[in-house]
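Working through the structure, step by step
Okay, here's what each chain looks like letter by letter:
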Amino acid sequence: MSAPAPRPPLEPAPDRAGFAVGFGTYQAVFGFVYLGLAVNLALAVAAAPLLVFADAAAEGVVEHPLRAWPLLPPLTLGIGPVVVAAFAAFRQHRSAGSTTPVLDLLAGLRRTGRRATTCWAATVALVTMLLVDLTWAWHSPLGALLVPVFAVLTALTLAVAMQLLVMLEQLPTTGLAALARAAVYLAVRRWYLSLGNLVVLVVVGLGIGVRPVPALAIGPACALYLVWSNNTNATVVAIERAG
């Protein structure tokens, strides 16, 4: 009588832990994509007046767009509060794993909207004044000396503004004057981060000018997340050293 044939070795059971990790990764990616889409949609709504003006200028509805530049600063006033609300949504996503970015955006807007509007309006007014001075200096005999000064002051103003908007969300109970002083210090002290943030924002802005739809769908949220992460880390380090 022949011996029974050996049984084939049993295959190992599937690794359920690995499946769980994989599912968690997919969930995290989906949550980040959902957050990015919500932030981009909110920014598109806030910038809608500016986008309508740009489209009208491109279509020839506005005959002399450069002469209509005084209309541009008021059209941007809604962007600042939404940027701060986006920072609040980023913080909720990173710290609490939030999957409700729309609610986080609305909560951040309610919590910081007034102070963010004040800071952003001051930023828009200062940048507008500097750009007017830069335009005058460009045609001035002293342009070689004054243009670089006004250009650096404009870039510094934007860098300080982004740092200040991040700190508004981080420290909602701190006075605006104290936050402004700290923002100036951090923007200058960590100039390389400020420069990198500005480069990213300029690249996204140029992308929106060339390809508005795909750039608006992808670029703003990614750029703001990078700015928020850089400036948040700078603030945390400064607070730790001060403490």
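All figures in this text were calculated on a predicted structure; none of them were measured in a lab. (Residues numbered from 1 in each chain as written. Predicted model: local features only at pLDDT ≥ 70, side-chain atom pairs only at ≥ 80, totals over all residues. Heavy atoms only, no water.)

**Re empty space enclosed by the protein**
A full pass over the atoms with the stated rule returns 1 cavity of 30 Å³ or more. If you add up the space inside the largest cavity, you get close to 30 Å³. Lining the largest cavity, in full, are Gln163, Leu186, Ala187, Arg190, Leu193, Ser194, Asn231 and Ala234. Looking at the lining of the largest cavity, the elements that each hand over two or more residues are α7 (176-189), α8 (191-210) and α9 (212-242). Partitioned by chemical class, the residues of the lining of the largest cavity number 4 nonpolar, 3 polar and 1 charged. (1 Å grid on protein atoms, 1.4 Å probe; cavity = no way out; pocket = protein on both sides within 12 Å on 5 of 7 lines; lining within 4 Å. Points joined across faces, edges and corners; volume = space filled by probe spheres on them. Helix = DSSP H or I, 4+ residues; strand = E, 2+ residues; numbered from the N terminus. Nonpolar A, V, L, I, M, F, W, Y, C, P; charged D, E, K, R; others polar.)

**Section: the layout of surface pockets**
A volume near 1,500 Å³ is recorded for the largest pocket. Lining the largest pocket are 36 residues, with Leu50, Thr76, Ile79, Trp120 and Leu158 sitting closest to its centre. Listing elements by their share of the lining of the largest pocket, those giving two or more residues are α1 (16-46), α2 (48-59), α3 (72-75), α4 (79-96), α5 (101-138), α6 (143-170), α8 and α9. In terms of residue count, α5 provides more of the lining of the largest pocket than any other element does, 8 residues in total. Here the lining of the largest pocket is built from residues that sort into 30 nonpolar, 6 polar and no charged. The space that makes up the second largest pocket amounts to roughly 160 Å³. Lining the second largest pocket, in full, are Ala38, Leu41, Ala42, Val45, Val82, Ala85, Val102, Leu105, Leu106 and Leu109. Where the lining of the second largest pocket is concerned, the elements lending two or more residues are α1, α4 and α5.

**Remarks on the packing of α4 against α5**
Between α4 and α5, the least distance of the axes is 6 Å, while the angle of their chain directions is 135°. Here α4 lies oblique to α5, going by the angle between them. Here α4 and α5 pass one another in a crossing that is right-handed. Here Ile79, Gly80, Pro81, Val82, Val84, Ala85, Ala86, Ala88, Ala89, Arg91 and Gln92 of α4 come into contact with α5, specifically with Pro101, Asp104, Leu105, Gly108, Leu109, Arg111, Thr112, Gly113, Ala116, Thr117 and Trp120. For the contact of α4 with α5, the class distribution of residues is 13 nonpolar, 6 polar and 3 charged. (Axes fitted to C-alpha atoms, helices over the stretch in contact; angles between N-to-C directions. Parallel < 35°, antiparallel > 145°, perpendicular 65-115°, else oblique. Left-handed = near helix turned anticlockwise from the far one by under 90°. Contact = heavy atoms within 4.5 Å.)

**Digging into the nonpolar core**
Counting residues in each nonpolar core, the largest one holds 38 residues, and the members touching the most others are Val39, Val83, Phe87, Phe90 and Leu165. Listing elements by their share of this core, those giving two or more residues are α1, α4, α5, α6, α7 and α9. Here phenylalanine 87 is in contact with Met162, Leu165, Val166, Glu169, Leu224 and Trp228, once residues within four sequence places are set aside. (Core = buried A, V, L, I, M, F, W, Y, C linked by side-chain atoms within 4.5 Å. Buried < 20%, exposed > 50% of the residue type's maximum accessible area, 1.4 Å probe, protein only.)

**Things to note about the side chain of threonine 157**
Summarising the element assignment, threonine 157 is placed in helix α6. Its relative accessible area of 13% is what places threonine 157 among the buried residues. In this structure the side chain of threonine 157 is engaged in a polar contact, spanning 2.7 Å, whose partner is the backbone oxygen of leucine 153. (Polar contact = N/O pair within 3.5 Å; in protein donor to acceptor, adjacent residues only side chain to side chain.)

**Structural notes on the pattern of salt bridges**
Summed over the entire model, instances satisfying the criterion amount to 2 salt bridges. Close ionic contact of glutamate 169 with arginine 91 constitutes a salt bridge, the shortest N to O distance being 2.7 Å. One end of the pair, glutamate 169, is in helix α6; the other, arginine 91, is in helix α4, and 78 residues separate them in sequence. According to the relative accessible area criterion, glutamate 169 is buried, its value standing at 2%. (Salt bridge = Lys/Arg side-chain N within 4 Å of Asp/Glu carboxyl O.)

**Some thoughts on α5**
Compared with an ideal rise of 1.5 Å per residue, which puts 38 residues at 56 Å, α5 spans 44 Å between its outermost C-alpha atoms and falls more than 12% short. Along its length, α5 reaches its greatest deviation from straightness, about 65°, at threonine 112. (Expected span 1.5 Å × (residues − 1). Bend = angle between axes of the 7 residues up to and from the residue.)

**Focus on a nonpolar patch on the surface**
A cluster of nonpolar side chains, contributed by Phe30, Tyr34, Val102, Leu103 and Leu106, occupies part of the molecular surface with about 500 Å² of accessible area. For the nonpolar patch, the secondary-structure elements that each account for two or more residues are α1 and α5. Element by element, the count of residues in the nonpolar patch is highest for α5, at 3 residues. In this fold, valine 102 is placed in helix α5. For valine 102, a relative accessible area of 40% gives the class partly exposed. (Patch = residues over 30% accessible without salt bridge, like charges linked within 9 Å, V, L, I, M, F, W, Y side chains within 5 Å. Areas by Shrake-Rupley, 256 points an atom, 1.4 Å probe, with all protein chains shown as cover.)

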